[in-house]
Structure formats: structure tokens, C-alpha cells
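# Structural overview for review
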Amino acid sequence: MLRSLTGMGHELGHFLARRSSELRPQELTAREREVLQLASRGMSGKSIAQQLSVSPSTVKTHFEHIYAKWGVSDRASAVAKGLRDGLIQ
């Protein structure tokens, strides 16, 4: 039994090592961090779009990418995670 569990642990370790990049949270792009930083200052999507000279739709897309990468469902959760992780101030 011990030999079987040791072998399974060894195989599982190899399996996870080959997929380590899939297990790490995806990093945000510079623009996504910028959008998140502006959101942390209380700016609306429209205000962020004006500040960055992009459309509100583009800002919405950036937020959707952030949510997907971090596994959060809303702006407040994304900002909170960014603050906790030290990505924004």
C-alpha cells in the first residue's frame, strides 16, 4: 500500500510539474493594470475610457479579461484583489 501511494504521489508530482503554468494565476497586461488602478480611484467605466482615450466597450472588455484571469465576478472584487496583491495602490 505504501509503495502504491508513493508511486501515485510521484506520478502526480510529474503531472503537476508539466502543467505549472496552467496552475498559476494569469498576469494582467499593463493596460489591464491601468484600468484596475483607475477603477480603484472610484472612476466609472466611462471616465476610465475618456482618461485612456478608448471606448467604454474596450474598458468593459478589459474588465472581463481581468475577471476571467482572476476568477472574480465584479469590479469591487477585482480592485480588492489588486490591492491585496500589491498590483495597485
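Before reading on, note that the structure itself is shown above.
Quick look at the structure, then. Just so it is clear, the structure is predicted and the values come from calculations on it, not from any experiment.

The next thing to look at is the packing of aromatic side chains. All told, the structure shown has one aromatic pair when counted by the stated rule. Stacked on the ring of Trp70, the Lys or Arg Lys81 has its end atom at 5.1 Å from the ring centre.

This brings us to the pattern of salt bridges. As enumerated under the stated definition, the model contains three salt bridges in all. Salt-bridge contacts for Glu34 lead to Arg31; the nearest nitrogen and oxygen are separated by 3.0 Å. Here Glu34 and its partner Arg31 are both found in helix H3 (residues 30-40), three residues apart, which amounts to about one turn of the helix. The class for Glu34 is partly exposed, based on a relative accessible area of 36%. Among the salt bridges present, the one from Glu32 reaches Lys69, with a minimum N-O distance of 2.8 Å. Here the residue Glu32 occupies a position in helix H3, and Lys69 occupies one in helix H5 (residues 56-70), the gap between them amounting to 37 residues.

With that settled, consider a nonpolar patch on the surface. Together, Met1, Leu5 and Met8 give the surface a local cluster of nonpolar side chains, amounting to about 400 Å² of exposed area. Mapped onto the elements, Met1 comes out in the segment before helix H1 (2-18). Classification of Met1 as exposed rests on a relative accessible area of 80%.

Trans peptide bonds make up the majority, and among non-glycine residues the majority have a negative phi. Positive phi values are uncommon outside glycine, yet Ser53 reaches one of about 55°. Along the chain, Ser53 falls in the loop between helix H4 (45-52) and H5. Overall, Ser53 belongs to the exposed group, its relative accessible area being 66%.

With that settled, the discussion passes to the packing of H4 against H5. Their axes nearest at 8 Å, the elements H4 and H5 cross at an angle of 110°. Considering the angle they form, H4 stands roughly perpendicular to H5. Along its contact with H4, which presents Gly45, Ile48 and Ala49, the element H5 presents Pro56, Val59 and Phe63.

Turning our eyes to something else, we now look at the nonpolar core. Counting residues in hydrophobic clusters, the biggest one holds 17 residues, and the most contacted among them are Leu36, Ile48, Phe63 and Ile66. At the level of elements, H3, H4, H5 and helix H6 (75-84) are the ones that each hand at least two residues to this core. Per element, the largest residue contribution to this core is five residues, and it comes from H5. With sequence-adjacent residues up to four places away left out, Leu36 is seen in contact with Leu28, Phe63, Ile66, Trp70, Ala78, Val79, Gly82 and Ile88.

Rules used throughout
Each chain has its residues counted from 1, following the order in which its sequence is written. Whole-chain, interface and lining totals are the exception, using all residues; otherwise, since this is a predicted model, local features are given only for residues with pLDDT of at least 70 and side-chain atom pairs are given and counted only at 80 or more. To get the side-chain values, take all heavy atoms of the structure and skip hydrogens and water. Pairing of aromatic side chains requires ring centres within 6.5 Å, counting the rings of Phe and Tyr and the six-membered ring of Trp. Pairs whose planes differ by under 30 degrees are stacked, by over 60 edge-to-face, and all others tilted. Distance and angle both matter: a charge sits over a ring if NZ of Lys or CZ of Arg is within 6 Å of the ring centre and within 35 degrees of the ring normal. The salt bridge criterion pairs a side-chain nitrogen of Lys or Arg with a carboxyl oxygen of Asp or Glu, the two atoms within 4 Å. We count a stretch as a helix when DSSP gives it H or I for four or more residues in a row; a strand needs E for two or more, and each element gets its number in order from the N terminus. Throughout, exposure labels follow a simple rule: accessible area from a 1.4 Å probe, protein chains only, divided by the maximum for the residue type, with under 20% read as buried, over 50% as exposed, and the rest as partly exposed. In this scheme, patches are assembled from residues that exceed 30% relative accessible area and form no salt bridge. Like charges are connected within 9 Å, while nonpolar side chains (Val, Leu, Ile, Met, Phe, Trp, Tyr) are connected within 5 Å. A 1.4 Å probe and the Shrake-Rupley method give the accessible areas. Residues count as covered only by the protein chains that appear here. Lines fitted to the C-alpha atoms define the axes, with helices restricted to the stretch that makes contact. Angles between their N-to-C directions range from 0 to 180 degrees. Between 65 and 115 degrees an angle is taken as roughly perpendicular, under 35 as roughly parallel, over 145 as roughly antiparallel, and anywhere else as oblique. We call two residues contacting when some pair of their heavy atoms lies within 4.5 Å. Here, the term nonpolar core denotes a set of buried Ala, Val, Leu, Ile, Met, Phe, Trp, Tyr and Cys residues that are joined through side-chain atoms within 4.5 Å.

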